[in-house]
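Coordinates in review
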Amino acid sequence: MANEEDDPVVQEIDVYLAKSLAEKLYLFQYPVRPASMTYDDIPHLSAKIKPKQQKVELEMAIDTLNPNYCRSKGEQIALNVDGACTDESSTYSSKLMDKQTFCSSQSTSNTARYAAALYRQGELHLTPLHGILQLRPSFSYLDKADAKHREREAANDAGDSSQDEAEEDVKQITVRFSRPESEQARQRRVQSYEFLQKKHAEEPWVHLHYYGLRDSRSEHERQYLLCQGSSGVENTELVKSPSEYLMMLMPPSPEEEKDKPVAPSNVLSMAQLRTLPLADQIKILMKNVKVMPFANLMSLLGPSIDSVAVLRGIQKVAMLVQGNWVVKSDILYPKDSSSPHSGVPAEVLCRGRDFVMWKFTQSRWVVRKEVAAVTKLCTEDVKDFLEHMAVVRVNKGWEFILPSDGDFIKKHPDVVQRQHMLWTGIQAKLEKVYNLVKEGLPKKPDGQSGPAALLSGDQRVQAAKSKAQQNHALLERELQRRKEQMRASAVLPGVRIKEEPMSEGEDEEDQDAEEDEEPMDTSLGGGLHNRLANGLPSGRAAGGDSFNGHPLPGCASTPVARELRAFVEATFQRQFVLTLSELKRLFNLHLASLPPGHTLFSGISDRMLQDTVLAAGCKQILVPFPPQTAASPDEQKVFALWESGDMSDQDCCVSYGGMWYLKGTVQS
């Protein structure tokens, strides 16, 4: 309290930040002159600047009438520089050194802490400086005088030699061809002092107009040093805490920042991490951790972070494997990188690592030799892939490093569905690249570990009974299919349409086939007891039927049915003939483009998709595949657009596989 009383506040001054000249204001530091003389009193003959280098040259007149000026010395300097004759290129046209050149140099490279202040009417206006330049006398005229002297001596020597020798002797010269410049030699040449000096000399000068202190134009420009407007719009940067304000006025110097200890490259500072944007935080965490549950990620980011934003950002840098997030391969292996072990490019490494991730979506166990045999990569690369996401178990293989996160799968079914669509697309690419047979891919249920479990006698009996019932249902369905085909051939001999009656056994078999072939979704269970004509249930036209609680696709009373019907009609308008496999692939791509929470994510089974196709004016055609064909069951199901409502309905045939099929609307 005593110190405050001894040093009272005399006056409070408002500070304003003027930014009109923030990028244009330079401070010139002239050489010391007597206090009675100012540089504004000396005429400035010319001024020019090189903006990139922040280099300025000023030509100022010398008072030759001053008693302190040595006229004989000025005449001698002008004679040495220009010689006896004077022309337009002469430096001193008056044959007298009557001007002097000042050249600038940067006094400091960090001008962020300097500003020009103008105090007016109890207000202090600050304008940040863009540069501080020190002006020093330039003695380039001495170099010019030396050059003139050397030219005169060379001319005299040439005259003497021409008198002594009437004719010059023929001299032999050697011609050398320069080698192609390597990249390292080019970099050394670019970084050399000679090259930098040449680049600086090539920058053109920009001529300026000099206005004195009392000039009206100078007074007009000086008004920009005041903060424009009193509303405080330009002063928002000054509305800060005292510590932030002092940091802006006196930022730490680069030398102080270098003195701070630098953490190792493999150590991640959470304090520095939280200063980055959310997307960068998620990317850095996943790149360092490789595999992480969503709950752990949220705990690292902090309780104030929105989980929806995190969920949106994690899908850009990671893939879902058994409910946990695994960093994407292209994050670990950028485009222009390569393997440190084998030199394999990043594209091949990403493909091999994607295969390992996909294997873990099918099972908790992966065998390293199997991965190496498929990907054709070296042992070290495959081991790196597995160490990112698994731990080795003796005599068993590599087990996924984290347990399956069932809580996340239950809370976010839309994200799980989207990730499933993405994995389906990745699986299709892997099958083409590695020539994998879909039926031959190892398929294990989630949670299977180690060797197969032993079955008791009762379990074997029950398995045999269920297998016998399935075989009986298959035989009945095959017999019924042949009867329906014979009936259709008798009605329209020219039309070959595949008719599939549907029973409980057929629906169960379809579900088994969908599980083996990894369909889009098999959320519908049970079966239909109605007979199907051309795959379409009888009585569908009534529009009020449903099965298993789901409205039929032919009934457009639900948003799911309408969305599915619109997709099917739009797809068959572009391609008139499609297999079920190709239609499912297009539907997966369509689902991947939809936003999370869309109605189509509620679950669309293969049977619902087929019924919607048949209800949209399409029919299934019977294509005679050979008995030993490698086509999957979905590839053998071919659908064609029969009635589209336009002029194409008048066509009598459709083509598929090199064969033509007669439409049902045209009699044979």
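Residues numbered from 1 in each chain as written. Predicted model: local features only at pLDDT ≥ 70, side-chain atom pairs only at ≥ 80, totals over all residues. Heavy atoms only, no water.

**Quick notes on the overall build of the chain**
Helix and strand content of the chain: 24 helices and 24 strands. Counting across all 668 residues of the chain, residues that qualify as buried make up 32%. Sequence separation of 24 or more characterises 66% of the internal contacts of the chain that already satisfy a separation of 6 or more. Of the roughly 42,500 Å² of accessible surface on the chain, a fraction of 53% belongs to carbon and sulfur atoms. (Helix = DSSP H or I, 4+ residues; strand = E, 2+ residues; numbered from the N terminus. Buried < 20%, exposed > 50% of the residue type's maximum accessible area, 1.4 Å probe, protein only. Contact = heavy atoms within 4.5 Å. Areas by Shrake-Rupley, 256 points an atom, 1.4 Å probe, with all protein chains shown as cover.)

**Some points on the nonpolar core**
If you look at the biggest cluster of nonpolar residues, it comprises 51 residues, and the most contacted ones within it are M286, I314, W325, F355, F360 and M389. The element best represented in this core is helix α14 (residues 346-362), accounting for 8 residues. F355 has contacts with V371, V374, T375, L430, Y434 and L436, leaving out every residue within four places of it along the chain. Ranked by size, the runner-up nonpolar core spans 23 residues in total, among them L564, V568, L586 and C618. (Core = buried A, V, L, I, M, F, W, Y, C linked by side-chain atoms within 4.5 Å.)

**Re the sheet that holds strand β11 (residues 318-321)**
The strand order β10-β12-β11 describes an open sheet built from 3 strands, whose pairing is antiparallel. The sheet is open, and its two borders are formed by β10 (291-292) and β11, each paired with just one other strand. In this sheet, strand β12 (residues 324-327) lies alongside β11 in antiparallel orientation, the contact comprising 4 bridges. Opposite L320, over in β12, you have W325 as the bridge partner. (Pairing = 2+ DSSP bridges.)

**So, helix α10 (residues 278-289)**
Because each turn of an α-helix spans 3.6 residues, side chains separated by three or four positions end up pointing in the same direction. Look at α10: 16 Å from first C-alpha to last across 12 residues, which is about the 16 Å you get at 1.5 Å a residue. Three or more residues of α10 are buried, namely Q281, I282, L285 and M286. Around the axis of α10, the buried residues are gathered within 120 degrees of arc, so they sit on the same side. The elements touched by buried residues of α10 are α9 (270-273), β10, α11 (294-301), α12 (307-317), β11 and β12. (Expected span 1.5 Å × (residues − 1). Arc of directions from axis to C-beta.)

**Here's the deal with the environment of S138**
Looking at the element boundaries, S138 is found in the loop between β8 (131-137) and α3 (140-164). Through-space distance from the C-alpha of S138 to that of C103 is 5.7 Å; in sequence the pair is 35 residues apart. Residue contacts for S138: discarding those within four places in its chain leaves T101, F102 and C103.

**Description of the packing of aromatic side chains**
For the structure shown, the criterion picks out 7 aromatic pairs. Centroid distance F355 to W358: 6.1 Å. Interplanar angle 35 degrees. Geometry classified as tilted. Separated by 3 residues within a single helix, F355 and W358 lie in helix α14, roughly one turn from each other. Accessibility expressed as a relative area gives 3% for F355, which makes it buried. An aromatic cluster is defined as three or more aromatic residues linked by ring pairs; in this entry it consists of F294, W325 and F408. (Phe/Tyr/Trp six-rings, centres within 6.5 Å; stacked < 30°, edge-to-face > 60°.)

**Regarding the sheet that holds strand β7 (residues 123-128)**
Strand order in the open sheet formed by 3 strands is β1-β7-β6, and the pairing between neighbours is mixed. The strands lining the two open edges of the sheet, one partner per strand, are β1 (14-17) and β6 (115-120). Neighbouring strand axes in the sheet, compared pairwise and without regard to direction, differ in orientation by 25 degrees on average. The sheet contact formed by β6 and β7 spans 6 bridges and is antiparallel. Across the sheet, A117 pairs through a bridge with L126, a residue of β7. (Axes fitted to C-alpha atoms, helices over the stretch in contact; angles between N-to-C directions.)

**Let's talk about a nonpolar patch on the surface**
Taken together, I173, V175 and F177 make up a surface patch of nonpolar side chains, about 420 Å² in accessible area. Taking relative accessible area as the criterion, I173 reaches 69% and is therefore assigned exposed. (Patch = residues over 30% accessible without salt bridge, like charges linked within 9 Å, V, L, I, M, F, W, Y side chains within 5 Å. Salt bridge = Lys/Arg side-chain N within 4 Å of Asp/Glu carboxyl O.)

**Some words on the pairing of β11**
Of the two faces of β11, the one holding A318 and L320 and the one holding M319 and V321 are both buried throughout. The antiparallel pairing of β11 with β12 creates a hairpin that spans 2 residues between the two strands, and Q322 there sits at a positive phi of about 55 degrees.

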